[in-house]
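Working through the structure, step by step
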Amino acid sequence: MSSPHQSVPPAKSSHTADEGTDTGRPSRPGGLRAAAPGRLAAIGAVVLAYLIFVVVGTVQDWSLGLRIGLIVPTAVIVWLLIPRRTSVPTPGLHVIGVPRLAYIGVLVLAFCVFFPFVGWPAGLWWLLLFPLIAIWWVVRTHTTVSEAGLDLSTMVSKKHLDWSQVKGVSIPKRGYVRARLSDDSEVKLPAVGYDRLRELIEASGGRLPDVFAAAEAAENARIEAERAEAKAEADAKTEEPGTEQ
């Protein structure tokens with residue numbers, strides 16, 4: 001990878017992932033992404049009930065400690081409703097999503113908007129939309145690698161790419177890695193940054209080339225060529241006849 005923006009044509013693999021091969025993560029990970037509609041409705045009902053409690057408490061001039069204190073049992077109930085991650089991976093499927101540490105940022109954002117909301121819920125209710133949008137982004141943004149191709153999911157859309165459409169990968173200076181298609185257009189791969197590129201390559205089962213190994217091989221070849229050239233120059237100087245006095 002000699003340049004920050006590189007298109008790499010996929011090498012033909014001598015093998016494909018066998019049926020039933022585990023490529024890593026389960027196809028149905030835990031968290032909100034795996035929650036059924038009924039469970040999502042229950043979580044929404046618990047959160048809505050707490051918001052109603054805060055609004056009523058503000059109108060009735062309840063103590064601030066009482067209004068804020070109920071957030072702890074509310075958070076516990078929501079946590080219990082969220083499905084746990086399954087320990088059995090689905091064969092042939094690998095999900096590259098936003099790291100779970102992103103939820104810490106969502107939590108910080110929620111705390112930042114919560115206290116102004118409690119002080120004036122009627123006027124600042126819209127602040128609660130920001131953590132909800134952040135959660136939606138974390139849940140929805142992911143790239144799924146399977147035998148059929150790549151499934152790309154963003155906040156507002158989903159897209160499927162067959163392996164026959166993928167011509168290579170493009171690595172921009174910033175942002176997500178992109179898939180270069182057969183018509184020379186490019187499509188961003190959600191949640192696949194440069195740090196997740198190796199994960200994508202391994203999950204492809206040989207359909208995408210190992211650009212890291214190619215870069216290392218090219219660098220080793222360059223070093224060997226420089227050494228050979230230096231050795232040839234040294235040998236040429238040694239073989240030159242001495243200057244007569």
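Our subject in this report is the structure included herewith.

Here is what the cut-offs are and how they apply
- Residues numbered from 1 in each chain as written.
- Predicted model: local features only at pLDDT ≥ 70, side-chain atom pairs only at ≥ 80, totals over all residues.
- Heavy atoms only, no water.
- Helix = DSSP H or I, 4+ residues; strand = E, 2+ residues; numbered from the N terminus.
- Contact = heavy atoms within 4.5 Å.
- Areas by Shrake-Rupley, 256 points an atom, 1.4 Å probe, with all protein chains shown as cover.
- Expected span 1.5 Å × (residues − 1).
- Bend = angle between axes of the 7 residues up to and from the residue.
- Buried < 20%, exposed > 50% of the residue type's maximum accessible area, 1.4 Å probe, protein only.
- Pairing = 2+ DSSP bridges.

**Quick notes on the overall build of the chain**
Within the chain one finds eight helices and eight strands. At a minimum sequence separation of 6, the contacts of the chain that also span at least 24 residues come to 60%. Accessible surface, the chain as shown: approximately 15,300 Å² in total, 63% of it carbon and sulfur.

**Thoughts on helix 4 (residues 102-119)**
The α-helix winds at 3.6 residues per turn, so residues separated by three or four positions along the chain end up facing the same way. With 18 residues, helix 4 should cover 26 Å at 1.5 Å per step; its first-to-last C-alpha distance of 27 Å lies within 8% of that length. Along its length, helix 4 reaches its greatest deviation from straightness, about 25 degrees, at Val-113, and the proline Pro-116 lies no more than four positions downstream. Within helix 4, the full set of buried residues consists of Val-106, Val-113, Phe-114, Phe-117 and Val-118. Of the surrounding secondary structure, the elements contacted by the buried residues of helix 4 are helix 1 (37-59), helix 2 (64-69), helix 3 (71-81), helix 5 (121-124) and helix 6 (129-140).

**Considering the pairing of strand 6 (residues 166-170)**
Of all five residues in strand 6, four are buried; the element is thus mostly enclosed. Note: strand 6 against strand 7 (residues 178-181), four bridges, orientation antiparallel. Of the residues in strand 7, the one forming a bridge with Gly-168 is Arg-180.

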